[in-house]
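What follows is each chain in one-letter form.
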Amino acid sequence: MQTPYYLIDKARLLPNMEKIAHLREQSGAKALLALKCFATWSVFDMMSEYMDGTTSSSLFEVKLGREKFPGETHAYSVAWAPDEIDEVLASSDKIIFNTAQQLTRFEEVSRSHTRGLRVNPGVSTSGFDLADPARPFSRLGEHAPEDIEPVADLISGFMFHNNCENADFERFDAMLGMIEQRFGSLIRRMDWISLGGGIHFTGEGYPLDKLAERLKRFAGTNEVQVYLEPGEAAITNSTTLEVTVLDTLYNGKNLAIVDSSIEAHMLDLLIYRESARMAEAGEQEWMICGKSCLAGDIFGEFRFPAPLKPGDRLSIDDAAGYTMVKKNWFNGVQMPSIAIRELDGTERLVRSFDYQDFAAALS
């Protein structure tokens, strides 16, 4: 296949799914795929065998979850607009409001629906202010029990989303204890509680059984159904971005320009000033650069067994989360196709993009 393209490998996706299934079985918690992280629906048939449904951040994600992923469809947004609320309700099983004011505004129209409210516990594991839901002056959820109390009878559940790339079970346990201490009386009035995503429980060495026991205990003590909303945990290490070297030069370092771009195809690397990941072997040090005109369009520096040259193929690892959902047409750079490697090793192209897609995105 012509590069660039994202290659989703089902054999690498499967271990994540099996861990999710194990956690569901041992804890009684349900798992919803967070579409804000990964929404490539060509593998939803496989994922739906191991997960309970989807959760969203917008009307379009709600509709995609309803149409493409069997199971429950949870609808959350930082703010619902009046002209979309009817469609949101028609396409979801649960609707979660970000504030008591939004809940009150749409109380009548949503009265026959299962409703929840986002709660901001004031603590998180985010190392980035940009992504910290508990940052000062955060707009993400109600943070005071006294503001929740007046509307508590209008809802049957809460969503807490305060973990971010959290691979530390002890920290998760401590934060959940803080949540129980502060909001326990309200939690015990609910039927269900979502603990959001950002828990890296599919990572190597994570104490999965400890997490299962803690979730089961939380559910039993508070008599609630627990939901988790894995995003990256569901698809970590499952996908590569396949690229080709177009040109090389030396300017104090060996530089290789590939037919891709971090701003267009792996935007979070740019936002969070992080390096891509790539299997390394050898003594040849090369900086891998994108082909856009952005000076900082750099995937990172890596080691190779031999000098790179035009035509060489490279695989950038862990390229599923927050990539395909954020890809864009900056500089008119060719948007990567999407391909799937089946469990039997065969590969198939499921989506490609061309000039007409570029032109259609503009006006």
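Okay, so let's go over this structure. (Residues numbered from 1 in each chain as written. Predicted model: local features only at pLDDT ≥ 70, side-chain atom pairs only at ≥ 80, totals over all residues. Heavy atoms only, no water.)

### As for the packing of helix α1 (residues 10-27) against helix α8 (residues 208-222)
Point 1. Between α1 and α8, whose axes approach to 8 Å, the crossing angle comes to 40°. Taken together, the axes of α1 and α8 are oblique relative to one another. α1 and α8 meet at a crossing whose hand is right-handed. Two secondary-structure elements touch here, α1 through K19, H22, L23, Q26 and S27 and α8 through L208, D209, L211, A212, L215 and K216.
Point 2. Partitioned by chemical class, the residues of the contact of α1 with α8 number 5 nonpolar, 3 polar and 3 charged. (Axes fitted to C-alpha atoms, helices over the stretch in contact; angles between N-to-C directions. Helix = DSSP H or I, 4+ residues; strand = E, 2+ residues; numbered from the N terminus. Parallel < 35°, antiparallel > 145°, perpendicular 65-115°, else oblique. Left-handed = near helix turned anticlockwise from the far one by under 90°. Contact = heavy atoms within 4.5 Å. Nonpolar A, V, L, I, M, F, W, Y, C, P; charged D, E, K, R; others polar.)

### A closer look at the pattern of salt bridges
Point 1. In total, this model carries 26 salt bridges according to the counting rule given.
Point 2. When the shortest N-O distance is used, the salt bridge between D357 and R351 registers 3.9 Å.
Point 3. Bridged by salt links that share partners, the residues D9, R341 and E347 form one connected network. (Salt bridge = Lys/Arg side-chain N within 4 Å of Asp/Glu carboxyl O.)

### Brief notes about the sheet that holds strand β8 (residues 192-194)
The strands that make up a sheet are held in pairs by hydrogen bonds between backbone atoms, and each pair lies either parallel or antiparallel.
Point 1. Taken together, 8 strands build a closed barrel; the order of strands is β2-β3-β4-β5-β6-β7-β8-β9 and the barrel is parallel. Across the sheet, the axes of successive neighbouring strands diverge by a mean angle of 25°, strand direction being ignored.
Point 2. As judged from the 3 bridges shared by strand β7 (residues 157-160) and β8, these two strands associate in the parallel manner. Its bridge partner being in β8, G157 is matched across the sheet by W192.
Point 3. On the sheet, helix α7 (residues 169-187) packs against β6 (114-119), β7 and β8 and is oriented at approximately 160° with respect to β7. (Pairing = 2+ DSSP bridges.)

### Examining the nonpolar core
Point 1. If you look at the biggest cluster of nonpolar residues, it comprises 93 residues, and the most contacted ones within it are F38, M47, M51, F158, F201, I288 and F299.
Point 2. Sorting elements by how many residues they give to this core places α7 first, with 7 residues.
Point 3. Apart from residues lying up to four places away in sequence, M47 is in contact with L13, M17, L33, F38, F69, A234 and I235. (Core = buried A, V, L, I, M, F, W, Y, C linked by side-chain atoms within 4.5 Å. Buried < 20%, exposed > 50% of the residue type's maximum accessible area, 1.4 Å probe, protein only.)

### Describing the side chain of S77
Point 1. Locating S77 in the fold gives a position in the loop between β4 (72-76) and α4 (85-90).
Point 2. Relative accessible area serves as the criterion here: at 7%, S77 is assigned to the buried category.
Point 3. In this structure the side chain of S77 is engaged in a polar contact, spanning 3.1 Å, whose partner is the backbone oxygen of A79. (Polar contact = N/O pair within 3.5 Å; in protein donor to acceptor, adjacent residues only side chain to side chain.)

### What to know about the environment of M190
Point 1. Relative to the assigned elements, M190 resides in the loop between α7 and β8.
Point 2. The class for M190 is buried, based on a relative accessible area of 3%.
Point 3. Residues M190 and A75, spaced 115 residues apart in sequence, show a C-alpha to C-alpha distance of 18 Å.
Point 4. Residues in contact with M190, not counting those within four places in the same chain, are A152, I155, S156, G157, F158, E223 and V224.

The values reported here are purely geometric and, on their own, carry no functional implication.
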